[in-house]
Number of protein chains: 2
Amino acid sequence: MRYTSAALESLIDEFAKLPGVGRKTAQRLAMYILREPRAEAERLAEALLEAKDNVIRCSVCQNITDVGVDPCALCTSKARDRSVICVVESPVDMLAFEKTGHYKGLYHVLHGVISPLDGIGPDDIKVRELLLRFTMPQSPAVREVVLALNPTIEGETTALYLSKLLKPLGIHVTKIARGIPVGAELEFIDEATLSRAMEGRTVV
Amino acid sequence: MRYTSAALESLIDEFAKLPGVGRKTAQRLAMYILREPRAEAERLAEALLEAKDNVIRCSVCQNITDVGVDPCALCTSKARDRSVICVVESPVDMLAFEKTGHYKGLYHVLHGVISPLDGIGPDDIKVRELLLRFTMPQSPAVREVVLALNPTIEGETTALYLSKLLKPLGIHVTKIARGIPVGAELEFIDEATLSRAMEGRTVV
């Protein structure tokens, strides 16, 4: 045993399991917990268990929501444009769009992308649930599906797969623009991005 | 509310209170907890509360130990040299020395250093407890006290204060060497360290 307290040792071990937290950081976090009042540690402990017990997936958009709020607040909001669905890989991607305050439509969270190398096929992500949103009798009239997937091989593959599924249903399928990020310097942009930016040029 | 789940939001808030954890990292940690089985979250929650309930300070050396192990394992170990006490600022400093596997004496953890600017005087750190180790009737014969405090103004002040207290008790007071770290290049060492290294030169 490296520490003089078994309880401290096991707290450090648990912290070190978190992503991006090494032994040194785990040690610093554990020492912080020892210094703080017990109420602080209790709040974190409760928040951990409550998140596990109360967070579910919205039955419509598959985004995370609380027990008792299904469909989620976004899906039931009267303020959103129900004719557009933005398809994202994960809840954090949805959050990134929400932070812009610009997009007013609905979302659909796939919880993954198709990745044959990792053995992840269309049935392992929320594709069926996406299709249900167009085929259910009470479905709202969706005009457009915006594919907002990461610009990786897997993201592009998934986008291609979804567009082939959705177009026959008469849905206008688009994907977000690839191009130079705002504030970047052309000199330092990679070739692939520059090529995409040139291809996707728009009339000024 | 920025998130679609109140439980997730509060978990992110709690994670973000930890030192060195910003909103983005807190979000990543919370998402990790959502993905992991409930047992993982339970283990972390339990470890948090157990650390608060079971970790105490050793009544002799003031280092952290478990309830029921007081004096701590180090203080009661038969393998340690009881004639030397190494004085450190915090439990992590003690750990750093233990990792070397080189020092075989006892420790005393001050839990702070004297810092008049922050209103921390000798009575706010474990100085009285250190003196008790020499004045109690059953005290072992301590020959030497090694001051291993950080090389800061506060650390030096505390070292000076302690040496003035301990020398009259007939104790040999030393402090760890300041000099060039192993593996460093002289060219890049600051002037203060180089001066100390020159002052502290030893016969080869």
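Thresholds applied
- Residues numbered from 1 in each chain as written.
- Chains lettered and ligands numbered in written order.
- Predicted model: local features only at pLDDT ≥ 70, side-chain atom pairs only at ≥ 80, totals over all residues.
- Heavy atoms only, no water.
- Contact = heavy atoms within 4.5 Å.
- Buried area = accessible area lost by both parts, 1.4 Å probe.
- Salt bridge = Lys/Arg side-chain N within 4 Å of Asp/Glu carboxyl O.
- Helix = DSSP H or I, 4+ residues; strand = E, 2+ residues; numbered from the N terminus.
- Patch = residues over 30% accessible without salt bridge, like charges linked within 9 Å, V, L, I, M, F, W, Y side chains within 5 Å.
- Areas by Shrake-Rupley, 256 points an atom, 1.4 Å probe, with all protein chains shown as cover.
- Least-squares fit on C-alpha atoms with pLDDT ≥ 70 in both.
- UniProt positions renumbered as here; feature names shortened; annotations may be inferred.
- Axes fitted to C-alpha atoms, helices over the stretch in contact; angles between N-to-C directions.
- Parallel < 35°, antiparallel > 145°, perpendicular 65-115°, else oblique.
- Left-handed = near helix turned anticlockwise from the far one by under 90°.
- Nonpolar A, V, L, I, M, F, W, Y, C, P; charged D, E, K, R; others polar.
- Buried < 20%, exposed > 50% of the residue type's maximum accessible area, 1.4 Å probe, protein only.
- 1 Å grid on protein atoms, 1.4 Å probe; cavity = no way out; pocket = protein on both sides within 12 Å on 5 of 7 lines; lining within 4 Å.
- Points joined across faces, edges and corners; volume = space filled by probe spheres on them.

Trainee: Can you break down the interface of chain B and chain A residue by residue, with the values?
Mentor: The interface of chain B with chain A comprises 53 residues on the first partner and 53 residues on the second. Counting the surface lost from both chain B and chain A, the interface buries some 4700 Å², and carbon and sulfur atoms represent 68% of this. Interface area lost by chain B to chain A is led by B:Thr4, B:Leu48 and B:Lys52, which between them contribute 15%. Taken together, the links from chain B to chain A amount to four salt bridges. Salt-bridge contacts for B:Glu40 lead to A:Lys17; the nearest nitrogen and oxygen are separated by 3.7 Å. Mapped onto the side of chain B that touches chain A, the elements with two or more residues apiece are helix 1 (6-16), helix 2 (23-35), helix 3 (38-54), strand 2 (64-66) and helix 5 (91-100) of chain B. Top element by residues in the side of chain B that touches chain A is helix 3 of chain B. It accounts for 15 residues.

Trainee: Please give an account of a nonpolar patch on the surface that cites residues and values.
Mentor: Taken together, the side chains of A:Ile180, A:Leu186 and A:Leu194 define a hydrophobic patch exposed on the protein surface, amounting to about 260 Å² of accessible area. For A:Ile180, the location among the structural elements is in the loop between strand 6 (172-175) and helix 8 (191-199).

Trainee: Explain the relation of the copies chain B and chain A residue by residue, including any values.
Mentor: Each copy of the chain is related to the other by a rotation around an axis and a translation along that axis. Least-squares fitting of chain B to chain A yields an RMSD of 0.1 Å, with the transformation described by 0.1 Å of translation along the axis and a rotation of 180°. These values place the two chain copies in the arrangement generated by a two-fold rotation axis. Within chain B, B:Ala45 has its C-alpha nearest the rotation axis, a separation of 2.1 Å.

Trainee: How would you explain the UniProt feature "zinc finger region: C4-type" in chain A if you had to name every residue and give the values?
Mentor: As annotated in UniProt, the feature "zinc finger region: C4-type" corresponds to residues 58-75 of chain A in the numbering used here. Note that residues 58-75 of chain A is 17% helix and 17% strand, and that its end C-alpha atoms are spaced 8 Å apart.

Trainee: Talk me through the packing of helix 1 (residues 6-16) of chain A against helix 3 of chain B; I want residue IDs and the actual numbers.
Mentor: Taken N-terminus to C-terminus, the directions of helix 1 of chain A and helix 3 of chain B make an angle of 150°; their axes are 8 Å apart at the nearest point. The orientation of helix 1 of chain A relative to helix 3 of chain B falls into the category roughly antiparallel. The handedness of the crossing between helix 1 of chain A and helix 3 of chain B comes out as left-handed. The residues of helix 3 of chain B that touch helix 1 of chain A, namely those facing A:Ala7, A:Ser10, A:Leu11, A:Glu14 and A:Phe15, are B:Glu40, B:Arg43, B:Leu44, B:Ala47, B:Leu48, B:Glu50, B:Ala51 and B:Asn54. Its residues assigned to classes, the contact of helix 1 of chain A with helix 3 of chain B shows seven nonpolar, two polar and four charged.

Trainee: A description of unusual backbone geometry should follow, citing residues and the corresponding values.
Mentor: Cis geometry marks the peptide bond from A:Asp70 to A:Pro71; its omega dihedral reads 5°. Within the chain, B:Gln62 stands out as a residue other than glycine whose phi angle is a positive 70°. Mapped onto the elements, B:Gln62 comes out in the loop between strand 1 (55-57) and strand 2. Accessibility expressed as a relative area gives 7% for B:Gln62, which makes it buried. The phi dihedral of B:His111 is positive, around 55°, even though this residue is not glycine.

Trainee: Requested: an account of the environment of B:Asp70, with residues and values cited.
Mentor: All names here are of chain B. Residue placement: Asp70 occurs in the loop between strand 2 and helix 4 (73-76). For Asp70, a relative accessible area of 37% corresponds to the partly exposed category. Considered as a pair, Asp70 and Val204 are 134 residues apart in the sequence and their alpha carbons are 44 Å apart. In this structure, Asp70 is in contact with Ile56, Arg57, Cys58 and Ser59, ignoring residues within four places of it in sequence.

Trainee: Before we move on, can you summarise the environment of B:Lys167 with the specific residues and values?
Mentor: Secondary-structure assignment places B:Lys167 in the loop between helix 7 (153-166) and strand 6 (172-175). Between the C-alpha atoms of B:Lys167 and B:Val145, which are 22 residues apart in sequence, the distance is 9.7 Å.

Trainee: Please set out empty space enclosed by the protein residue by residue, giving values where relevant.
Mentor: Residues and elements named next belong to chain B. Per the counting criterion, the structure on display carries four cavities of 30 Å³ or more. Space inside the largest cavity adds up to approximately 60 Å³. Of all the secondary-structure elements, those providing two or more residues to the lining of the largest cavity are helix 2 and helix 3. Across the lining of the largest cavity, the residue classes tally to four nonpolar, no polar and three charged.

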